[in-house]
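The chain contents come next:
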Amino acid sequence: QLPDFVALEGAAILYFEPETPEDKPGYDALIEYLLSRDRVGLGVEADRRIMYIPPCEFTRTNLSYTGNALMGIVQKAALSPMQ
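Keep in mind it's a predicted model, so treat the numbers as computed, not measured.

*Asks:* What's the story with the sheet that holds strand 4 (residues 70–76) in this structure? I'm lost.
*Replies:* Strand pairing in a sheet takes place through backbone hydrogen bonds and is either antiparallel or parallel in direction. The strand order 1-4-3-2 describes an open sheet built from four strands, whose pairing is antiparallel. For this open sheet the edge positions go to strand 1 (12–16) and strand 2 (41–45), each flanked by a neighbour on one side alone. Adjacent strand axes in the sheet meet at a mean angle of 20°, parallel and antiparallel pairs treated alike. Pairing between strand 3 (residues 48–53) and strand 4: six bridges, direction antiparallel. When the bridges of strand 4 are listed, Arg 48 appears paired with Lys 76. In this fold helix 2 (residues 24–36) packs onto strand 1, strand 2, strand 3 and strand 4, with an angle of close to 70° to the strand it touches most, strand 4.

*Asks:* What is the right way to read the pattern of salt bridges from this model?
*Replies:* Working definition: two side chains of opposite charge can pair if their charged atoms are close together. Enumeration according to the criterion identifies four salt bridges in this entry. We note a salt bridge from Asp 47 to Lys 76, for which the minimum N-O separation is 3.9 Å. Highlighted residues: Asp 47 in the loop between strand 2 and strand 3 and Lys 76 in strand 4, separated in sequence by 29 residues. Note that Glu 57 and Arg 60 form a salt bridge whose closest N and O atoms lie 3.5 Å from each other. Pair noted here: Glu 57 and Arg 60 are both in helix 3 (residues 57–62), with a separation of three residues, about one helical turn. The class for Arg 60 is partly exposed, based on a relative accessible area of 42%.

Scoring rules and cut-offs
Residues numbered from 1 in each chain as written. Predicted model: local features only at pLDDT ≥ 70, side-chain atom pairs only at ≥ 80, totals over all residues. Heavy atoms only, no water. Pairing = 2+ DSSP bridges. Helix = DSSP H or I, 4+ residues; strand = E, 2+ residues; numbered from the N terminus. Axes fitted to C-alpha atoms, helices over the stretch in contact; angles between N-to-C directions. Contact = heavy atoms within 4.5 Å. Salt bridge = Lys/Arg side-chain N within 4 Å of Asp/Glu carboxyl O. Buried < 20%, exposed > 50% of the residue type's maximum accessible area, 1.4 Å probe, protein only.

Structure (structure tokens):
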């Protein structure tokens, strides 16, 4: 279902990494949580949403991203096919 929600046109792409060594365990736990459940994180603010996508087959195949950082895609929430 993820390809139905990720529209890169007009979106901003961010890459998140732990800022300090102390942040790394929580960062790694979030990525592991998302991967183990085959999920992405979602944040909504006003008319924007941020999808937090862990490094996975989807990012490699559909977004040509082969890095290890957590990817954030910021887009207008109105782009959802569910609305």
